[in-house]
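Take a look at the letters that make up each chain.
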Amino acid sequence: MAEIVGGFLLPHPPMMFSGVKAPEQQQKNVNAAYQKIADRIGELEASTVIIVGADHYILFGPGCLPGLLIGIGDVDGPIEKFSDLPRSQHRVNRPLATHIMEHGRANDVDWAVAKAFTVDHAISIPHHMVVSPNEGVEIIPIYIDVASSPRIEKRRAYKLGQQISQAVDAFPKDERVVIVGSGGLSHWVGSAPMGKVNAEFDRWVMALIEEGDVDELLALSDEEILAEGGEGALEICQWLCAMGAMKGARGRVIAYEPIPEWITGMGFLELTFDF
Amino acid sequence: MSLNRLEQVVYDLGVKGGSRKQFSKDPERFLDGYYLDASEKEMVMEFNVARLIEVGVSPLLTMGFWVLTEPSHSVKKYLLKLSRSF
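Just so you know, these numbers come straight off a predicted model, no measurement behind them. (Residues numbered from 1 in each chain as written. Chains lettered and ligands numbered in written order. Predicted model: local features only at pLDDT ≥ 70, side-chain atom pairs only at ≥ 80, totals over all residues.)

## Description of the overall build of chain A
From N to C terminus, chain A includes eight helices and nine strands. The C-alpha radius of gyration of chain A comes to 17 Å, within 12% of the 19 Å expected for a compact globule of 275 residues. Each principal axis of the C-alpha distribution contributes one length, and for chain A these read about 45 × 45 × 40 Å. Across the 275 residues of chain A, 53% fall into the buried class. Residue pairs at least 24 apart in sequence account for 85% of intrachain contacts in chain A once pairs closer than 6 positions are excluded. (Helix = DSSP H or I, 4+ residues; strand = E, 2+ residues; numbered from the N terminus. Rg over C-alpha atoms; globule rule 2.2 N^0.38 Å. Buried ≥ 20, exposed ≤ 12 C-beta atoms within 10 Å, placed from the backbone. Contact = placed C-beta atoms within 7 Å.)

Next comes the structure, spelled out in structure tokens:
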């Protein structure tokens, strides 16, 4: 039988792969954090990593904005041209992805589906940093619309995590599944404060996750998040989705680095029931 | 004012090379296909990203539009343009 054996929350700043240097020690700390997560995925003997990301108005425009989308077939990425991250195929666990989609549709999750899909950095950066180092591990890419209005609500994202977990539990074959919430924390993208990082806000969010205080996070309004953490902090939705899939888990902080050079407060946590 | 159509044209110019090519050849003719009014066309042709954000266009779109379409492609100039306005 399939089960969710672990979860991680991590950032995906594209500037990491655009030739922009961060201060050396911070860069080392960030690389160590990603490596720690890659190692943990290996220790957990994961067969599949579900990566929950959000589009950045790159893949989807005003003509079609899927609220909840799952990739079930051929996937490659990133769609962006990064100097240090070439496009590659990402192996997908198609049977499990298809099952999650079908189980969802039978249980009131109106999944949009991608059968052949070039993903953006929200999926490709975690794939590169924490999945690829583990040979044979496949992914399932999921997108929640948090960047383009009308956005998916935080409560819906959290509930989606629970629904994903139910779908995984109902899969008849043995799979050890890890879920990754990809995004955050504070970053402003394209607006005047871009480059600002709000470490106080980021640490407050991580402290809530350490306590497992989902209610406080769900109570945040989008206006509050935008004011304190910028457009990028709305990606807390992906983190809430992962937390929903591991209901009752608490976060264990792996690292936090505020890096204005990468315009992002970079938070890394493991979700665990071991507390 | 059609925010949706403004977002559509800014999105197309940010992600579609073909759109950028047409826009650079004949911006007026390109924009005719989006049913924009005169002030909206002006915002786009003048790369008035501050005004675009002010009327509700997503900053994710305006930055992509500027970086891919505005002749300097400079993020620094983009932010300078915003900082002068906000």
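So, next bit.
## Quick notes on the interface of chain A and chain B
Taken residue by residue, the interface counts 14 residues in chain A and 17 residues in chain B. Residue classes in the side of chain A that touches chain B are distributed as seven nonpolar, six polar and one charged. (Nonpolar A, V, L, I, M, F, W, Y, C, P; charged D, E, K, R; others polar.)

## Considerations on the nonpolar core
Residues and elements named next belong to chain A. In terms of nonpolar packing, the biggest core is built from 113 residues, with Ile144 and Ala242 touching the most fellow members. Counting residues per element, this core draws most heavily on helix α8 (residues 236–245), at eight residues. The contact partners of Ala242, leaving out residues within four places of it in the chain, are Gly7, Leu9, Val52, Gly161, Ile179, Val180, Gly181 and Leu271. (Core = buried A, V, L, I, M, F, W, Y, C linked by C-beta atoms within 7 Å.)

## Describing unusual backbone geometry
The amide bond that connects Gly77(A) to the next residue, Pro78(A), takes the cis arrangement and shows omega of 0 degrees. Looking at the secondary structure, you find Pro78(A) in the loop between β3 (68–77) and β4 (88–90). The linkage connecting Ser149(A) with the following residue, Pro150(A), adopts the cis geometry, with an omega of 5 degrees. Relative to the helices and strands, Pro150(A) is located in the loop between β6 (138–144) and α4 (154–169). Phi at Phe47(B) is positive, roughly 50 degrees, even though this residue is not glycine. Backbone geometry at His73(B) places phi at a positive 55 degrees, although glycine is not the residue there. When you line up the elements, His73(B) lands in the loop between α6 (59–69) and α7 (75–85). You can call His73(B) exposed: it has 11 C-beta atoms within 10 Å.

## Thoughts on α8(A)
One turn of an α-helix holds 3.6 residues; hence residues three or four places apart share an orientation. With 10 of 10 residues buried, α8(A) is to be regarded as a mostly interior element. Those residues of α8(A) that fall on the buried side of the exposure criterion are Ile236(A), Cys237(A), Gln238(A), Trp239(A), Leu240(A), Cys241(A), Ala242(A), Met243(A), Gly244(A) and Ala245(A).

## A look at the packing of α4(A) against α8(A)
Residues and elements named next belong to chain A. Direction vectors running N to C along α4 and α8 enclose 35 degrees, while the axes themselves pass 6 Å from each other. Relative to α8, α4 is oriented so that their crossing is right-handed. Here α4 contributes Lys154, Ala157, Tyr158, Lys159, Leu160, Gly161, Gln162, Ile164 and Ser165 to the contact with α8, which in turn contributes Cys237, Leu240, Cys241, Ala242, Met243, Gly244 and Ala245. Split into classes, the residues belonging to the contact of α4 with α8 amount to 10 nonpolar, four polar and two charged. (Axes fitted to C-alpha atoms, helices over the stretch in contact; angles between N-to-C directions. Left-handed = near helix turned anticlockwise from the far one by under 90°.)

## A word on the pairing of strand β7 (residues 175–182) of chain A
All names here are of chain A. With seven of eight residues buried, β7 is to be regarded as a mostly interior element. One ladder, built from five bridges, connects strand β2 (residues 48–53) with β7; its direction is parallel. Bridging from a neighbouring strand, Thr48 pairs with Val177 of β7. (Pairing = 2+ DSSP bridges.)

## A word on the environment of Leu226(A)
The topology assignment puts Leu226(A) in helix α7 (residues 222–229). Look at Leu226(A) and you get partly exposed, because 15 C-beta atoms sit within 10 Å.

## With respect to the confidence of the model for chain B
Scored by pLDDT, chain B has a mean of 94; 98% of the residues are at 70 or more. The ipTM, which scores confidence in the relative placement of chains, is 0.91 for this predicted complex, and the corresponding pTM is 0.97. (pLDDT = per-residue confidence, 0-100.)

## Some points on the pairing of β2(A)
Residues and elements named next belong to chain A. For β2, a buried count of six out of six residues is recorded, marking the element as mostly surrounded by other parts of the structure. Residues of β2 alternate between two faces, with Thr48, Ile50 and Val52 on one and Val49, Ile51 and Gly53 on the opposite face, all of them buried. Note: β2 against β6, six bridges, orientation parallel. Bridging from a neighbouring strand, Thr48 pairs with Glu138 of β6.

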